[in-house]
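Spelled out, the chains give:
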Protein chains: 2
Amino acid sequence: MSVEPRLYVEAPLEADAVLDLDRDQAHYLVNVMRRKAGDGVRLFNGRDGEWRAEVASADRKRASLQIVQQRRSQSAAPDMALYFAPVKKARTDFIVEKATELGVASITPVITQRTQSDRVRTDRMQALTREASEQTERLDLPVIHEPVSLTQMIKAWDAARTLMFADESGDSQTEPWGGEHGRARPIAEALAGRERDGKWAMLVGPEGGFSVEERTLLHAQTFVLPVSLGPRILRADTAAAAALSVWQSMLGDW
Amino acid sequence: MSVEPRLYVEAPLEADAVLDLDRDQAHYLVNVMRRKAGDGVRLFNGRDGEWRAEVASADRKRASLQIVQQRRSQSAAPDMALYFAPVKKARTDFIVEKATELGVASITPVITQRTQSDRVRTDRMQALTREASEQTERLDLPVIHEPVSLTQMIKAWDAARTLMFADESGDSQTEPWGGEHGRARPIAEALAGRERDGKWAMLVGPEGGFSVEERTLLHAQTFVLPVSLGPRILRADTAAAAALSVWQSMLGDW
């Protein structure tokens, strides 16, 4: 593939500026991607759109880029915030990577009663979103927030933001959530006819599901929209990817 | 969690039968799940629905089960066949696991011009679908087919089966696929109004995308439905999960 490498940088991007890459990015560009002086690179910083640059000088440890011209102007991603209960490392990585590709605006780890991993590496999440954003041609990075507890999260909620919630735990199926709280409807039905430019969020539970108290709390909130993702029980990471995909196809920017 | 373990077995399931587990499953049940004589287990074999059984006897290497009664009768999964170009091991595993959870009927590796891994471990794929089917409460396993080349696959295609195809490679965007072949439409729009009980398939390309010849071949087929999965470039595994989720929500059993 001769596609030009795409890098996220923090510096402002403007015509004719010169930019020195940090050591990791210089290594990637020069040693991994084997780019030399004169080769093209694409840059974005989450604010100034995407720019074309050329390698001005490069050796094994340093690279400096000459910014040439803007290719795309900055545009906002849909307003979808992901809240998820951290699971095992590989699956947490997966959720962060997929959510970035699927265009979420922010990612917040949520600590629930059955959350197994209490140590959440937000620095690692940040590195993953950066890499995935470079790959997926996003113009911005999802914002990574520090972990919150589910109760804090609900207490501080902006009621104008609809919170989709897919209750994938096996034991929930025997509980009578119908009636006054409203049983989860199939996601396509639950989202049909909603406005495109609303504020949205998706909540994904831990592998063991939410506790009965947590489910009661969630179902009692007017801003919570329980959705069903079909007859099979989905793992937390699958549920996140599935719900975000359906939402993007119906209400997002797909 | 006190959910009863769920096991895929090959033997017929019928009331009052006694079943000896193989060594791996006995180990899982006795040593990992710590089940003893009298504990409940759920069994499925892809033909006879789901049955409740009880552990009749168990030691560290052996376990035999007494089948008690049927809990669910067999039902067919939607007719969605997944074809994918094998990618790196972790992502191939991911595609197989997610496709199983997302309810595909079969999975076929497809060798394309840019497919990197020519060694495809269908035995490993089979083990993954079995484990994922146990987890996801499916009543059947996806059928794993031996690898085919893209050209073979197209040559032998049943034209009554619609083949969705998401062209996620970066370089495709500069090629003029509009006009007579029809540019890819957003997936929700492409699937709107289609019949629920049709025969479907999804094709996911390799990380480097399809070659120009392959794309020309695909776009020339009347049964191919090019779909777009939004403005971001998705990795092969993300594209598979995303397209299957949207399809399930619109035309499948969600």
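Residues numbered from 1 in each chain as written. Chains lettered and ligands numbered in written order. Predicted model: local features only at pLDDT ≥ 70, side-chain atom pairs only at ≥ 80, totals over all residues.

K.L.:
Teacher, can you tell me more about the relation of the copies chain A and chain B here?
P.N.:
One copy of the chain maps onto the second through a rotation about an axis and a displacement along it. You can overlay chain A on chain B at an RMSD of 0.0 Å; the transform is a turn of 180° with a shift of 0.0 Å along its axis. Taken together, the rotation and translation describe the operation of a two-fold axis. Minimal C-alpha distance to the rotation axis in chain A is attained by A:Val246, lying at 2.5 Å. (Least-squares fit on C-alpha atoms with pLDDT ≥ 70 in both.)

K.L.:
Looking at this model, I keep getting lost on the interface of chain A and chain B. Mind explaining?
P.N.:
Interface size is commonly expressed as the accessible surface area that is lost when the partners come together. At the interface, 34 residues of chain A touch 34 residues of chain B. Of all the elements in the fold, those that place two or more residues in the side of chain A that touches chain B are α2 (89-101), α3 (122-136), α5 (187-191) and α7 (236-250) of chain A. The dominant element in the side of chain A that touches chain B, judged by the number of residues it contributes, is α7(A), at 8 residues. Among the residues making up the side of chain A that touches chain B, the classes are represented as 15 nonpolar, 11 polar and 8 charged. (Contact = placed C-beta atoms within 7 Å. Helix = DSSP H or I, 4+ residues; strand = E, 2+ residues; numbered from the N terminus. Nonpolar A, V, L, I, M, F, W, Y, C, P; charged D, E, K, R; others polar.)

K.L.:
Where do I start with the confidence of the model for chain A in this structure?
P.N.:
Low pLDDT marks regions whose predicted coordinates should not be analysed in detail. Residues and elements named next belong to chain A. Per-residue confidence for chain A gives a mean pLDDT of 89; residues scoring 70 or more make up 93%. Taken element by element, the predicted model of chain A shows its lowest mean pLDDT in helix α1 (residues 23-32) (91) and its highest in strand β6 (residues 80-84) (97). Note that pLDDT drops below 50 for residues 170-181; the model gives that stretch 11 contacts with residues more than four away or on any other chain. Both scores are available for the predicted complex, with the pTM at 0.91 and the ipTM at 0.89. (pLDDT = per-residue confidence, 0-100.)

K.L.:
How should I be thinking about the pairing of strand β4 (residues 50-58) of chain A in this particular structure?
P.N.:
All names here are of chain A. With 5 bridges joining them, strand β3 (residues 40-44) and β4 adopt antiparallel strand pairing. Across the sheet, Gly40 pairs through a bridge with Glu54, a residue of β4. In this antiparallel pair of consecutive strands, β3 and β4, the connection spans 5 residues, and Gly46 shows a positive phi of 85°. Alignment of β4 against strand β5 (residues 63-72), held across 8 bridges, turns out to be antiparallel. Pairing of Trp51 across the sheet is with Gln70, part of β5. Connecting β4 to the next strand, β5, in antiparallel fashion are 4 residues. (Pairing = 2+ DSSP bridges.)

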